[in-house]
Amino acid sequence: NVLSQAFGPIEVIRNSDEDFTASVRTYRRAQLQFNEISYRGGLERTARNLAQFDQEYFTLSRPEAGPLFFEQQDREFTVAPGCLVLLNQTSPYKASTTACYHSFSISIPRTMLHQRDPHIGSFYRLEINESSPRGQLLANFAKYMTEGITGWSETETVSLREQLLD
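None of these values were measured; they are calculated from a predicted model.

Rules and cut-offs
Residues numbered from 1 in each chain as written. Predicted model: local features only at pLDDT ≥ 70, side-chain atom pairs only at ≥ 80, totals over all residues. Heavy atoms only, no water. Helix = DSSP H or I, 4+ residues; strand = E, 2+ residues; numbered from the N terminus. Rg over C-alpha atoms; globule rule 2.2 N^0.38 Å. Buried < 20%, exposed > 50% of the residue type's maximum accessible area, 1.4 Å probe, protein only. Areas by Shrake-Rupley, 256 points an atom, 1.4 Å probe, with all protein chains shown as cover. Lys, Arg positive; Asp, Glu negative; His and termini not counted. Charge placed at Lys NZ, Arg CZ, Asp CG, Glu CD. Polar contact = N/O pair within 3.5 Å; in protein donor to acceptor, adjacent residues only side chain to side chain. Contact = heavy atoms within 4.5 Å. Salt bridge = Lys/Arg side-chain N within 4 Å of Asp/Glu carboxyl O. Phe/Tyr/Trp six-rings, centres within 6.5 Å; stacked < 30°, edge-to-face > 60°.

Trainee: Got a sec to walk through the overall build of the chain? Specific residues and values, please.
Mentor: Per the secondary structure count, the chain includes five helices and nine strands. When its helices and strands are written in sequence order, the chain yields α-β-β-β-α-β-β-β-β-β-α-β-α-α. At 15 Å, the chain has a C-alpha radius of gyration in line with the 15 Å of a compact globule built from 166 residues. Along the first, second and third principal axes, the C-alpha set of the chain runs to 50 × 40 × 30 Å. Within the span of the chain, comprising 166 residues, buried residues form 46% of the whole. On the chain, roughly 9200 Å² of surface is accessible, and the fraction owed to carbon and sulfur atoms is 48%. Across the chain, 16 positive and 20 negative side-chain charges occur, with their mean positions spaced 3 Å apart.

Here's what the structure looks like:
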């Protein structure tokens with residue numbers, strides 16, 4: 001399916017009350033994958049799915065619509081517009097929404113993040129508001145990088161990738 005091609009092995013949670021719908025666009029450049037995803041319903045990444053991965057990665061997501069309810073390692077989170085989320089995609093989780101969840105994200109190989117921080121956790125949430133200049137800076141940088149990705153030279157893309165990771 002389209003989701004598995006873009007994000008690796010993942011399962012759609014079938015619920016008789018909900019229909020699952022999704023659209024996905026991806027673009028790969030400089031070892032990163034730039035994504036736009038919209039969906040309604042539920043997804044689950046299981047240990048069986050993870051055994052099929054050829055590369056571990058994280059996503060830095062900027063939700064535009066939501067919310068998305070998320071469970072990982074016995075912890076629950078709500079992901080919605082107004083925040084950035086860094087998520088280890090190669091750790092089991094469940095995500096569901098009854099509204100239409102829409103986000104832009106950048107998939108980053110785990111090895112690149114571990115070069116900077118070998119003890120990185122599996123989930124981080126950063127608010128994007130006036131009291132969080134870091135959140136605003138990172139959100140604007142990720143948006144700027146994503147929106148211009150087809151126009152950057154390879155050298156510029158690698159430089160921007162390194163700035164994002166730092």
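Trainee: Which residues make up the side chain of Arg62, and what are the values?
Mentor: Within the element layout of this structure, Arg62 appears in strand 4 (residues 57-65). A polar contact of 2.6 Å, which involves the side chain of Arg62, links it to the side chain of Glu64. Beyond its immediate stretch of four places on either side in the chain, Arg62 contacts Cys83, Leu84, Ser103, Phe104, Ala139 and Lys143.

Trainee: Pulling in residues and values, what's your account of the pattern of salt bridges?
Mentor: In the structure shown here, the tally under the stated rule is nine salt bridges. A salt bridge links Glu36 to Arg25; its shortest N-O distance comes to 2.6 Å. Placement of Glu36 in strand 3 (residues 32-45) and of Arg25 in strand 2 (residues 21-29) is noted, with a sequence separation of eleven residues between them. The exposure class assigned to Glu36 is buried, which follows from its relative accessible area of 17%. Within this structure, Arg116, Arg161, Glu162 and Asp166 form a network of salt bridges that share partners.

Trainee: Break down the packing of aromatic side chains for me, with residues and values.
Mentor: Any aromatic ring pair is given by two values, namely how distant the centres are and how the planes are angled relative to each other. According to the stated counting rule, one finds eight aromatic pairs in the structure shown. With 3.7 Å between their ring centres and 20° between their planes, Phe77 and Phe123 make a pair best called stacked. One end of the pair, Phe77, is in strand 6 (residues 75-79); the other, Phe123, is in strand 9 (residues 123-127), and 46 residues separate them in sequence. One aromatic cluster is present, formed by Phe70, Phe77, Tyr93 and Phe123 through successive ring pairs.

Trainee: Describe the environment of Val85, listing the residues and the values that go with them.
Mentor: By the secondary structure assignment, Val85 is in strand 7 (residues 83-88). The exposure class of Val85 is buried, given its relative accessible area of 5%. Sequence separation between Val85 and Glu156 is 71 residues; the distance between their C-alpha atoms is 25 Å. What Val85 contacts, discounting residues up to four positions off in sequence, is Thr59, Leu60, Ser61, Val79, Phe123 and Tyr124.

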